[in-house]
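# Results of the structural survey
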Amino acid sequence: IEVPCTPEQGGAYADGIPYQGIHADAGNSDVIACESADAYVESWFSLKGLGLTQPNTFSPDGEVLYVTTANPDPEGCRVHALRSDTGDVLWCKSYSPTVALGSIEVDASGDLYFTTEGSIHSLTASGEERWTVPVVDSAGIIDQPWGVHFTPDGHVATVTSSGTVYLVARTDGAILSSLSVPEVYGFVEAEGFNLDIDLSAILPDGVLDSIEVLWGPQDSESTAAGISTLLGGGAFCDNTVGIGPNGSIYVIGGGPDVNTGALVQINTEGTAEAPELHPGWYTPIRGGSATSPSISKGGQFVVISDGTGADTFFNPESVDAWVKVMDIPACDANTDADPDPSICGVDYQQPLERDPMIGAPAIDEEGVVVFWEQSLSFSEDAADRDLVAFDAGGVLWEAALPHDMEWASVITVTNNHLIGTASTITESDDSLLSLNFPSITEDYLVLLDRQNGELVWRGELPDDGAATVTIGPDGALYAGVYGLLSMLAVDELPDAGLVRFSPIATE
């Protein structure tokens, strides 16, 4: 059956396409205004062996999907166009491995936009190059942009590892404006994980084999950098920007000192043809963050999670991590909790009971936040909460997943469901610092009731997925399978790719 999901989008995005880019929209809200089906059946499994850390996106008619992947072959394809109905590959292109750090955004004309280390790219729908723009830091050194979003004026926005925000014209790639957060705000990079150790000497052989299956042979330095990036400690900034409906850009990264990061607001002034980036307020956060800023539709709230740092690995019991919500109009008017006009005070928040989040929480227009709990110890009690919903009045509900499952992905929120992936983990006897390596995992696509977190349906996945599950205009779900947990599992190899699930009728 089809369960149409065709919300209006506006701006540079195509109407009728529910999933626009990483975290569903330019504000990273992960909320989609559609009813999703109550049950699904797998209809294809494509790109087998290629890991997805980011979600797929769609052509303006929904008939083609675009996705970035890892590839163990140094010359192999990492940008792919597939038929949505069959999973057949229409074309693919080889780019550097860093392309897999971001999603492909598609505008209403069908043109594609994405990033690699040192560049922002645009292709036609058939994969022909439109333009490539080099990106460097303030010292002229090649920089890493972290994916893209479109602004309300239709420009391409990104932030780099060094904390430089760029506005780029979609037509020709001309750089319209840029702003260096560390230079303008005087901020510094948060304390990293200091993984200056030979991981190849201490990781179990099964994990090293899995890393090679996903990425090809890796030296210890590359592996350590990958772990640091995943956990929010790889650079001044390593998360995608969030964009409000008024064009303000939100960046999370370094802050006033090495122990304090910051959520930063950057305002867009001038005209659509000649925009200028100017600094706004900032919110200090605890340590670093592995979550992009999430802005509610309508622009009332922005939510982040903090608390990442060296203690995540080395002393997990001392981790102090929170999910924090700021009232944007109150901070703009300086009527928030902090009297300093340059600082935005937290409006409401909830503590995390396990590790800091790896992935952005979802937030709806009313300010209801949904987040998940996780831990690298993989030793939680079955009754421990896995998902939490809260608003300014406090916790609305908490839910522990049945069947001893652990939540594993970013959350997609529809009108009636919470959608993502979950895994049942069998522990091994191998450990490293606070990380207890899994032996094997059993993995699922899951639907939960949005109102209480109760399980509605689950279907088997070939492996675990860390990326957001997307929904197409016909109501089908697309689960990117990365195999992160399987990569850490010592007794199995990752089984990566992209899986489509079609909605089915239920009684």
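Keep in mind the model is a prediction, meaning the values are calculated, not measured.

### A short note on the overall build of the chain
Each helix and strand in the chain was counted, giving 7 helices and 33 strands. For a compact globule of 507 residues, the expected C-alpha radius of gyration is about 23 Å, and the chain comes in at 21 Å, within 12% of that figure. With the principal axes as the frame, the chain shows a C-alpha extent of 55 × 50 × 45 Å. Evaluated residue by residue, the chain yields a buried proportion of 63% over its 507 residues. Contacts in the chain between residues at least 24 apart in sequence constitute 56% of all its contacts with a sequence separation of at least 6. For the chain, the computed accessible surface area is about 18000 Å², with 47% contributed by carbon and sulfur atoms. Of the charged side chains in the chain, 14 are positive and 78 negative; the average position of the first set lies 6 Å away from that of the second.

### As for the layout of surface pockets
Empty space within the second largest pocket amounts to approximately 420 Å³. As for the second largest pocket, its lining consists of 20 residues, of which Q9, D25, A26, G27 and P245 are closest to the centre.

### As for unusual backbone geometry
Trans is the prevailing form of peptide bonds, just as negative phi is the prevailing case for residues other than glycine. For N28, which is not glycine, the phi torsion reads 60° and is therefore positive. Along the chain, N28 turns up in the segment before β1 (40-46). You can call N28 buried: its relative accessible area is 0%. In this structure, D404 is a non-glycine residue whose phi angle is positive, near 60°. Residue classification places D404 among the partly exposed residues on the basis of a relative accessible area of 38%.

### Remarks on the sheet that holds strand β33 (residues 497-503)
The strand order across the open sheet formed by 4 strands is β1-β33-β32-β31, and the pairing between neighbours is antiparallel. If you trace the sheet from one side to the other, it starts and ends with β1 and β31 (470-471), each paired once. Looking at chain direction, β1 and β33 are connected through 6 bridges and run antiparallel. Within β33, the residue paired with E42 across the bridge is F501.

### Examining the pattern of salt bridges
Applying the stated criterion across every chain yields a total of 13 salt bridges. Residues R286 and D320 are paired through a salt bridge, measuring 2.5 Å at the closest nitrogen-oxygen approach. Residue R286 is found in strand β17 (residues 275-286), and its partner D320 is found in the loop between α5 (311-314) and β20 (322-327); the two are separated by 34 residues along the sequence. The partly exposed category is assigned to R286, whose relative accessible area is 39%.

### Here we look at the pairing of strand β12 (residues 164-168)
Looking along a regular strand, one sees the side chains alternate between the two faces of the sheet. Counting buried residues along β12, 5 of its 5 residues qualify, which places the element largely inside the surrounding structure. The alternating pattern of β12 places T164, Y166 and V168 and V165 and L167 on opposite faces, both of which are buried. Note: strand β11 (residues 156-159) against β12, 4 bridges, orientation antiparallel. The residue of β12 that forms the bridge with T158 is Y166.

### Brief notes about the sheet that holds strand β9 (residues 129-134)
Within the open sheet, the 4 strands sit side by side as β6-β7-β8-β9. Their pairing is antiparallel. A strand with exactly one partner marks an edge of an open sheet, and here the two such strands are β6 (105-106) and β9. Across 5 bridges, the pairing between strand β8 (residues 119-123) and β9 is antiparallel. By the bridge assignment for β9, L123 is matched with E129.

### Some thoughts on the state of the cysteines
Under the counting rule described, the total for this entry stands at 3 disulfides. Here C5 connects covalently by a disulfide to C34, the sulfurs 2.0 Å from one another. On the sign convention where negative means left-handed, the S-S torsion of about 90° between C5 and C34 marks this disulfide as right-handed. You can see C5 sitting in the segment before β1 and its partner C34 sitting in the segment before β1, a full 29 residues away along the chain. Across the pair, exposure class does not vary: C5 and C34 are buried alike.

Calculation notes
Each residue is numbered by its place in its chain's sequence as written, counting from 1. This being a predicted model, a pLDDT of at least 70 is required before a residue's local features are given, and a value of 80 or more before pairs of side-chain atoms are given or counted; all residues contribute to the totals for chains, interfaces and linings. Processing note: side-chain calculations cover all non-hydrogen atoms of the structure and skip hydrogens and water entirely. Per the convention used, a helix needs a DSSP run of H or I reaching at least four residues, while a strand needs a run of E reaching at least two, with both numbered from the N terminus. Computation of the radius of gyration draws on C-alpha atoms, with the globule rule given as 2.2 Å multiplied by the number of residues to the power 0.38. Here the term buried applies to any residue with accessible area under 20% of the maximum for its type, exposed to any over 50%, and partly exposed to those in between, with areas from a 1.4 Å probe on protein chains only. Should any heavy atoms of two residues lie within 4.5 Å, those residues are considered in contact. Computed by Shrake-Rupley with a 1.4 Å probe, the accessible areas treat only the displayed protein chains as cover when residues are assessed. Counting rule applied: Lys, Arg positive; Asp, Glu negative; His and chain ends not counted. Every charge is mapped to an atom, namely NZ of Lys, CZ of Arg, CG of Asp or CD of Glu. Cavities and pockets were defined on a 1 Å grid built from protein atoms only: a cavity is a group of points that admits a 1.4 Å probe but offers it no way out, a pocket is an open group of points flanked by protein on both sides within 12 Å along at least five of seven lines, and a lining residue is one with an atom within 4 Å of any such point. Grid points are joined across faces, edges and corners, and a volume is the space filled by probe spheres set on the points. Two strands qualify as a pair provided DSSP detects at least 2 bridges between them. Salt bridges, as used here, are contacts in which a Lys or Arg side-chain nitrogen is within 4 Å of a carboxyl oxygen on Asp or Glu. Disulfides are defined in this document as cysteine sulfur pairs within 2.5 Å.

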